[in-house]
Amino acid sequence: MTDQTYQPTLSQLRAFVAVAEYRHFGTAAARLGVSQPTLSQALAALENGLGLQLIERSTRRVLVTAEGTRLLPQAMATLEAADRFVASATGDGLGGTLRMGIIPTVAPYVLPALLPELRRRVPGLAPQVIEDQTARLLDGLRTGVLDIALLALPTEAPGLTEIPLYTEEFVLVTPRGHELAGQTGIAAATLDTLPLLLLDEGHCLRDQTLEFCRSADAQPSSVGDTRAASLTTVVQCVAGGLGVTLIPEMAVAAETARGTLDTARFAAPAPGRTLGLAFRASTARRDDYEQLAEIVREQRPRSMP
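Residues numbered from 1 in each chain as written. Predicted model: local features only at pLDDT ≥ 70, side-chain atom pairs only at ≥ 80, totals over all residues. Heavy atoms only, no water.

Caption draft 1: Representation of the environment of Val173 within the structure. Here Val173 shows up in strand S6 (residues 160–175). Look at Val173 and you get buried, because its relative accessible area is 0%. Along the chain, Val173 and Leu115 lie 58 residues apart, while their C-alpha atoms are 28 Å from each other. (Helix = DSSP H or I, 4+ residues; strand = E, 2+ residues; numbered from the N terminus. Buried < 20%, exposed > 50% of the residue type's maximum accessible area, 1.4 Å probe, protein only.)

Caption draft 2: How the structure looks around the packing of aromatic side chains. Taken as a whole and assessed by the stated rule, the structure comprises two aromatic pairs. With a centroid separation of 5.2 Å and 75 degrees between ring planes, the pair formed by Phe212 and Phe266 is classed as edge-to-face. Of this pair, Phe212 sits in helix H7 (residues 204–215) while Phe266 sits in the loop between strand S10 (261–264) and strand S11 (272–280); the two residues are 54 residues apart in sequence, bridging distant segments of the chain. For Phe212, a relative accessible area of 13% corresponds to the buried category. With relative accessibility at 7%, the residue Phe266 sits in the buried group. Taking the ring centre of Tyr166 as reference, the NZ or CZ of Arg300 above it sits at 4.4 Å. (Phe/Tyr/Trp six-rings, centres within 6.5 Å; stacked < 30°, edge-to-face > 60°. Lys NZ or Arg CZ within 6 Å of the ring centre and 35° of its normal.)

Caption draft 3: Structural context of empty space enclosed by the protein. Within the structure shown, the criterion is met by one cavity of 30 Å³ or more. Its volume calculated, the largest cavity comes out at about 60 Å³. In this structure, the largest cavity is lined by Leu197, Leu198, Leu199, Leu205, Arg206, Thr209, Leu231, Val234, Thr245 and Leu246. Looking at the lining of the largest cavity, the elements with two or more residues in it are strand S7 (198–199), H7, helix H8 (231–239) and strand S9 (245–248). In terms of residue count, the dominant contributor to the lining of the largest cavity is H7 (three residues). (1 Å grid on protein atoms, 1.4 Å probe; cavity = no way out; pocket = protein on both sides within 12 Å on 5 of 7 lines; lining within 4 Å. Points joined across faces, edges and corners; volume = space filled by probe spheres on them.)

Caption draft 4: Highlighting the confidence of the model for the protein. Averaged over all residues, the pLDDT of the protein equals 88, while 93% of them reach at least 70. Of all helices and strands in the protein, the one with the weakest mean pLDDT is strand S8 (residues 227–228) (78), whereas strand S5 (residues 148–153) scores best (96). (pLDDT = per-residue confidence, 0-100.)

Caption draft 5: Fine view of the packing of helix H2 (residues 25–32) against helix H3 (residues 36–50). Where H2 meets H3, the closest approach of the two axes is 9 Å, and the angle between their N-to-C directions is 100 degrees. When the interaxial angle is binned, H2 and H3 end up roughly perpendicular. For the pair H2 and H3, the contacting residues are Phe25, Gly26, Ala28, Ala29 and Leu32 in the first and Gln36, Leu39, Ser40 and Leu43 in the second. Among the residues forming the contact of H2 with H3, the class breakdown is six nonpolar, three polar and no charged. (Axes fitted to C-alpha atoms, helices over the stretch in contact; angles between N-to-C directions. Parallel < 35°, antiparallel > 145°, perpendicular 65-115°, else oblique. Contact = heavy atoms within 4.5 Å. Nonpolar A, V, L, I, M, F, W, Y, C, P; charged D, E, K, R; others polar.)

Caption draft 6: Fine view of H8. Buried within H8 are the following residues: Leu231, Val234, Val235, Cys237 and Val238. Viewed end-on, H8 has its buried residues packed into an arc of 150 degrees, placing them on one side of the element. Of the residues one or two after H8, Gly241 is the one with positive phi, at around 85 degrees. (Arc of directions from axis to C-beta.)

Caption draft 7: Up close: the pattern of salt bridges. All told, the structure shown has 15 salt bridges when counted by the stated rule. Of the charged contacts, one joins Glu67 and Arg70 as a salt bridge, the two residues approaching to 2.6 Å between their closest N and O atoms. Of the two residues, Glu67 and Arg70 are both situated in helix H4 (residues 66–90); the distance of three residues between them amounts to about one turn of the helix. One salt bridge in this structure joins Arg297 and Glu294, with 3.1 Å as the shortest N-O distance. Taken together, the residues Arg297 and Glu294, both in helix H10 (residues 286–298) and three residues apart, mark about one turn of the helix. (Salt bridge = Lys/Arg side-chain N within 4 Å of Asp/Glu carboxyl O.)

Caption draft 8: Structural detail: the layout of surface pockets. Its volume calculated, the second largest pocket comes out at about 210 Å³. Forming the boundary of the second largest pocket are Thr134, Leu138, Ala152, Leu153, Pro154, Thr155, Glu156, Cys204, Gln208, Gly272, Arg273 and Thr274. Looking at the lining of the second largest pocket, the elements that each hand over two or more residues are helix H6 (134–143), S5, H7 and S11. No other element matches S11, which puts three residues into the lining of the second largest pocket. Class assignment for the residues of the lining of the second largest pocket results in five nonpolar, five polar and two charged.

Structure representation (structure tokens):
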């Protein structure tokens, strides 16, 4: 039974959240900068004060109990509010550690400009970049492993808030000298019978490309026969004559720089995507993330209109 006079400390809540996030006491202690015994003592004090078991421990694994799962979002919201309180008091605003997820079809083209700009304009910010597929980034947001994610919108994920950044078109990439090379205003039906190369399952760009084909009743050939984990691999397969692919506008300059590829553009309405930031609706850092969103908008790849 919970002691009604008990008040958990922030250190105890941080211990609980860290163990729940990493499912490993050693990793959680290292991330918090404390010893493992100190971490264990803080978690035990929290559980004793609440009269609840939050974490199940065994020699092989660490599990979050049903009660721990129920209370974890509130613990995270409390810590976020405390961090925001300190930031407001010191006038730091957007600062401290920021665990930022980003999808693979955005990271290589946005980070080269974004990270130096963040160092220049927000020197107190310590971003930690986690590149992963959309589903795992959303899971990281829900469980508190991530603070924010840069990905394609809408996510349609409950409990998250989204800030749209900008929209970009998809461009058809072909082998050098292909009959479609350099054309503009091409119809989706042009993809009929063409071998279409895609990213592997789990990448949102794959799903968006297939949805475009379905909505336009296009019937590419050989869909899925060749799949890759990165856009760079996909376009190299295109350069090798294995087929064609669609890539986002921001990737065109980097991925076609070798001169072994050509591009073609679709007629309006062209396929594309909207990129944005997603974060937990419970966070107290909405103003900070709005500031971050403006910086990301300003640093969009220069090749984009």
